[in-house]
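Structural features, examined
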Amino acid sequence: MILINSSPRNALKYFQPFIPVSVPVGIGFLISYAARHNIKIHCVDEQVEEDTLQRIITLTATLKKPYIFGFSVLTSTLSSALILSKQLKTLYPDSIIMFGGIHPTAEPDEILSHPHIDIVVKGEGEEPVVEFYNAVKNNKDYTQIHGISYKQGSEIIHNKRSLSHISLDDDTPFPYYLFTNPKYELGFVMSSRGCPYDCIFCSNRITTGKQYRHRPTNIIIEELKTLNSEHGVTNVGFYDDNFLVNKPRIYNLVEQIKKNNLHKKMSFDFQARADNVDEPILEALRSASFNGIFFGIETADDNMMLTIKKGETVTDCINAVQLAKKYGFRVNATFIYALPGDSHEIRMKCIALTNMLQLDLVRFNNATPYPGTELFNIAKSQNRLYIKNTYDNFSAVSTFIEPPWSPTPFAYVPLGNTEAEIRRDILYSYFSFYLNLTRLKHVFTPGETNDKWFSIGKHILPTLILSSILMLKFVQLFYYSTIKKETRISLKFFLSVFKENLYIKQ
Ligand code: B12
Ligand code: SF4
């Protein structure tokens, strides 16, 4: 069996050279679970292969038929997964093409409407993959396996997913040793799964569910030791959706990190909800070299917080950021523009909040109605969902990364807003936040941000190209806001923020 991480090569356009290549985490866990059941699974990752198809052809020569090709698919990687899987089915007509991951879990019918795809695995794939592999290799019936969808003639059959999620209690260390390509960013640990909250825009729970589970602390410590001693990693980002859900395990982790002296060799970042933060936990985390926190603040308006079912208030967020700053954390955050109920006024409140809170890095994304989320259903029911080809326009960061001359149409524009205005508000937010010498220095100093999604490094030519594109965007924004007056950002406001950020605060 070969698991394939299909990925468009240039999805992030001019930003691509600055984005470290991430390990396909889900595939790593699947391989490790299968190995515990004496099944060897290979991984081919399009992000790092020179010639993916050739690599698969070479690998199949070492395998027994029927070949099983399993694709790990996000909405953003669907189109490349469809292309490669079709090529493989043409080359090996008797192979089994299986799709798993978040997008196929949300849209199994859509996936199986492609004639060359045989099976969809919904949700966490560990158990179904092992059962399916054993059934196929032993010529047994696989149609009763929980959580799969398959075809019977022209009919699509959906087997129910198992009621409980896989237990992580007897998990083994993540197989970092498999991801040897030097392009990979290995500084990550995934220590828990599942999120009990209900945010309408979030597709995190589609596969891993609402049931929060964490991996054993001794395994996490082992992973940290391996990363540091065998791979030279000194900064680790915890990829957990909600790192702080279970406080006793965090206190235990902190204790173990200190006991093993890891806090003297490494530093750590994590994502958390604002309402999970309190003084004792922050103090404990800082003492173990947890230096960076990422909060999804999303909006500066309490009515919007209710609409998006975030389950926390703007005041919760303000208090959490201020507490984190008090304990010396570097605080990064995201805001999501264009969620239902959003407006220009609310977006301007977000900018004011970012400056008031003195955040270190901020991202301003546009709401993207990923399949399987409540936002997807809202957008559809309001007749405001726009899917371009194979979800080509489903990108939360398109406004910032697209070239100024070819904007990506939004998948959703909420009532009372125009796409043009949202786009200009996003750009304006970025410029007003980052046109500040301290923040620019922070972003352009390699290693300063410790942010796993962006690293300037030594990319001189791409940096020049990127800077030129951003400059063009700046001129474009200035033109549309002050000369064409297409947005409500006035020249006075525009210049005052520019002046304040660039000169006065220094
Ligand atoms: C860590 C993370 C990242 C990391 C690393 C991603 C990676 N390589 O895995 C970084 C920061 C790089 C990243 C980037 C992006 N991410 Co991200 N990320 C996550 C996060 C928080 C955790 C992923 C994870 O490791 N989960 C744990 C593992 C165990 O779960 P899993 O990956 O789903 O795998 C299980 C099952 O899905 C299944 N499975 C997976 N693959 C397969 C394959 C087969 C054949 C089978 C049978 C089963 C199977 O079995 C696995 C084990 O149980 C998720 C949220 C979440 N909780 O899932 C978002 C998430 C996956 N990301 C998301 C997005 C949108 C992105 C970006 C597009 C953002 C952007 N605009 O830049 C990029 C795209 C990256 C890419 N390669 O295309 C969305 C995806 C939404 C969607 N519908 O596609 C999510 C769900 C967050 C959200 N917004 O809701 N991401
Ligand atoms: S946004 Fe965060 S808190 Fe909300 S459901 Fe998703 S992972 Fe949970």
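Bear in mind the structure is a predicted one, so any value in this text is a computation, not a measurement. (Residues numbered from 1 in each chain as written. Chains lettered and ligands numbered in written order. Predicted model: local features only at pLDDT ≥ 70, side-chain atom pairs only at ≥ 80, totals over all residues.)

Observations concerning the overall build of the protein
Secondary structure assignment for the protein yields 19 helices and 17 strands. For the protein, whose C-alpha radius of gyration is 23 Å, the value lies close to the compact-globule estimate of 23 Å for 506 residues. Its C-alpha atoms give the protein principal-axis dimensions of roughly 75 × 55 × 45 Å. Taken over 506 residues, the protein has a buried fraction of 41%. (Helix = DSSP H or I, 4+ residues; strand = E, 2+ residues; numbered from the N terminus. Rg over C-alpha atoms; globule rule 2.2 N^0.38 Å. Buried ≥ 20, exposed ≤ 12 C-beta atoms within 10 Å, placed from the backbone.)

Description of the sheet that holds strand β10 (residues 188–189)
The strand order across the open sheet built from six strands is β10-β13-β14-β15-β16-β17, with neighbouring strands paired in parallel fashion. The strands lining the two open edges of the sheet, one partner per strand, are β10 and β17 (361–366). In this structure, strand β14 (residues 267–272) lies alongside strand β15 (residues 290–298), joined through five bridges in parallel fashion. Bridge pairing links Phe268 to Phe290 in β15. Relative to the sheet, helix α12 (residues 314–326) contacts β15 and β16 (330–337), its axis offset from that of β15 by approximately 165°. (Pairing = 2+ DSSP bridges. Contact = placed C-beta atoms within 7 Å. Axes fitted to C-alpha atoms, helices over the stretch in contact; angles between N-to-C directions.)

Observations regarding the site of ligand 2
What surrounds ligand 2 is the set Cys195, Tyr197, Cys199, Cys202, Asn204, Asp241, Asn242, Arg273 and Gly296. Residue composition of the shell around ligand 2, by class: four nonpolar, three polar and two charged. (Near = placed C-beta within 6 Å. Nonpolar A, V, L, I, M, F, W, Y, C, P; charged D, E, K, R; others polar.)

Some words on the pairing of strand β1 (residues 2–5)
By the bridge criterion, four bridges tie β1 to strand β3 (residues 42–45) in an arrangement that is parallel. Residue pairing across strands places Ile2 opposite His42, the latter belonging to β3.

Side note on the site of ligand 1
Inspection of the region around ligand 1 gives 41 residues, with Gly26, Gly70, Ser72, Gly100 and Gly125 positioned closest. Counting only elements with at least two residues in the shell around ligand 1, the list comes to α1 (25–36), β4 (68–72), β5 (96–100), α4 (102–106), α6 (126–137) and α7 (205–208). Examining the composition of the shell around ligand 1, we find that five residues originate from one element, α1, more than from any other. Taken together, the residues that form the shell around ligand 1 break down as 20 nonpolar, 17 polar and four charged. Of the domains in this structure, domain 1 (2–158) and domain 2 (186–211 + 270–277 + 290–502) are the two that each give at least three residues to the shell around ligand 1. (Domains from an automatic or database assignment.)

Some remarks on the sheet that holds β1
Through backbone hydrogen bonds, the strands of a sheet pair up, either in parallel or in antiparallel fashion. Strand order in this open sheet of seven strands is β3-β1-β4-β5-β6-β7-β8, and the pairing throughout is mixed. The strands lining the two open edges of the sheet, one partner per strand, are β3 and β8 (155–158). Each neighbouring strand pair of the sheet contributes to a mean axis angle of 25°, computed without reference to strand direction. Looking at chain direction, strand β7 (residues 148–152) and β8 are connected through four bridges and run antiparallel.

Some thoughts on helix α14 (residues 374–381)
Listed as buried for α14 are Leu375, Phe376, Ile378 and Ala379. Buried residues of α14 fall within an arc of 165° about the axis and therefore sit on the same side. Of the residues trailing α14, Asn383 is marked for its positive phi of about 60°. (Arc of directions from axis to C-beta.)

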